[in-house]
Amino acid sequence: MEVTDALRDYAEKKIGRVIQNVDSVINAQVEFSVNKNPSVPDNQIVEVTMFAKGTVIRAEVGSRDMYASLDLAADKLERQIRRYQQKLHGHDRHHRQKTATAVSVEPTGVSVAEEVIEVEPEIVRSKSYPVEALAPDDAASRMELLGHNFYMFQNKYTTQVNVIYRRKDGNYGLIEPS
């Protein structure tokens, strides 16, 4: 899509403000796209990819307005950066939890306080299986038969381990090591 100067300036200011406190940022890219499918209401899509030393942080958001999508992507990127920085500074994931107190006022005028505890996600299950040598098309068929959203296999043409996955648009994506 054609990016206006106003949108470009807004993106530079918004994303620049989010990443300015990250020491190890090498590069950040912002991509704008419009999904022309009329059945998709949130068709104004912003993808932000931030390259930092040793990691890539990505946020993709869609809404009805490109500026709103950019705001939402910046918020999402900020949360991911915070999580990344906590990891860098050695906070123990298994013991970290966030506690918040929510106060609501009932129609009777009585306030009710509830404590909400959010625990950071962790790996709770591990699974192993033999990796088969398949063509990517065969791996996609196998993934469909299993009813999964992704499938790991050995690419019979390159002998490398690949992952095929279902994209939001219904097509497939292939992840290959470089």
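None of these values were measured; they are calculated from a predicted model. (Residues numbered from 1 in each chain as written. Predicted model: local features only at pLDDT ≥ 70, side-chain atom pairs only at ≥ 80, totals over all residues. Heavy atoms only, no water.)

Q: Can you break down a nonpolar patch on the surface residue by residue, with the values?
A: On the surface, Tyr129, Val131, Met152 and Val161 cluster together into a nonpolar patch covering about 300 Å² of accessible area. Examined against the element boundaries, Val161 turns out to sit in strand E8 (residues 161-166). (Patch = residues over 30% accessible without salt bridge, like charges linked within 9 Å, V, L, I, M, F, W, Y side chains within 5 Å. Areas by Shrake-Rupley, 256 points an atom, 1.4 Å probe, with all protein chains shown as cover. Salt bridge = Lys/Arg side-chain N within 4 Å of Asp/Glu carboxyl O. Helix = DSSP H or I, 4+ residues; strand = E, 2+ residues; numbered from the N terminus.)

Q: Can you tell me about the pattern of salt bridges, naming the residues and giving the values?
A: Taken as a whole and judged by the stated rule, the model has six salt bridges. With a closest N to O distance of 2.6 Å, Arg58 and Glu47 form a salt bridge. Taken together, the residues span a long stretch of sequence, with Arg58 in strand E3 (residues 55-63) and Glu47 in strand E2 (residues 44-52) at a distance of 11 residues. One network of salt bridges, with partners in common, ties together Glu47, Arg58 and Glu60.

Q: Tell me about the sheet that holds E8, and please be specific about residues and values.
A: On the basis of which strands lie adjacent, the open sheet formed by four strands has the order E6-E7-E8-E9 and mixed pairing. Sheet topology places strand E6 (133-134) and strand E9 (172-175) at the edges, where each strand pairs with a single neighbour. Where helix H3 (residues 136-146) meets the sheet, it contacts E6, strand E7 (150-155), E8 and E9, and its direction lies at approximately 150 degrees from that of E7. (Pairing = 2+ DSSP bridges. Contact = heavy atoms within 4.5 Å. Axes fitted to C-alpha atoms, helices over the stretch in contact; angles between N-to-C directions.)

Q: Pulling in residues and values, what's your account of the layout of surface pockets?
A: Approximately 560 Å³ is the volume attributed to the largest pocket. Around the largest pocket sit 17 residues that line it, and Ile45, Glu60, Arg167, Lys168 and Asp169 are the ones nearest its centre. Mapped onto the lining of the largest pocket, the elements with two or more residues apiece are E2, E3 and E8. Taken together, the residues that form the lining of the largest pocket break down as five nonpolar, three polar and nine charged. (1 Å grid on protein atoms, 1.4 Å probe; cavity = no way out; pocket = protein on both sides within 12 Å on 5 of 7 lines; lining within 4 Å. Points joined across faces, edges and corners; volume = space filled by probe spheres on them. Nonpolar A, V, L, I, M, F, W, Y, C, P; charged D, E, K, R; others polar.)

Q: For helix H1 (residues 5-19), give the residues involved together with the corresponding values.
A: Every α-helical turn comprises 3.6 residues, leaving residues that sit three or four positions apart pointing alike. Look at H1: 21 Å from first C-alpha to last across 15 residues, which is about the 21 Å you get at 1.5 Å a residue. Turning to H1, its buried residues number three or more, namely Leu7, Ala11, Ile15, Val18 and Ile19. Buried residues of H1, seen end-on, are gathered within an arc of 85 degrees and therefore sit on one face of the element. Those residues of H1 that are exposed and angled more than 90 degrees off the buried face are Asp5, Glu12, Lys13 and Arg17. (Expected span 1.5 Å × (residues − 1). Buried < 20%, exposed > 50% of the residue type's maximum accessible area, 1.4 Å probe, protein only. Arc of directions from axis to C-beta.)

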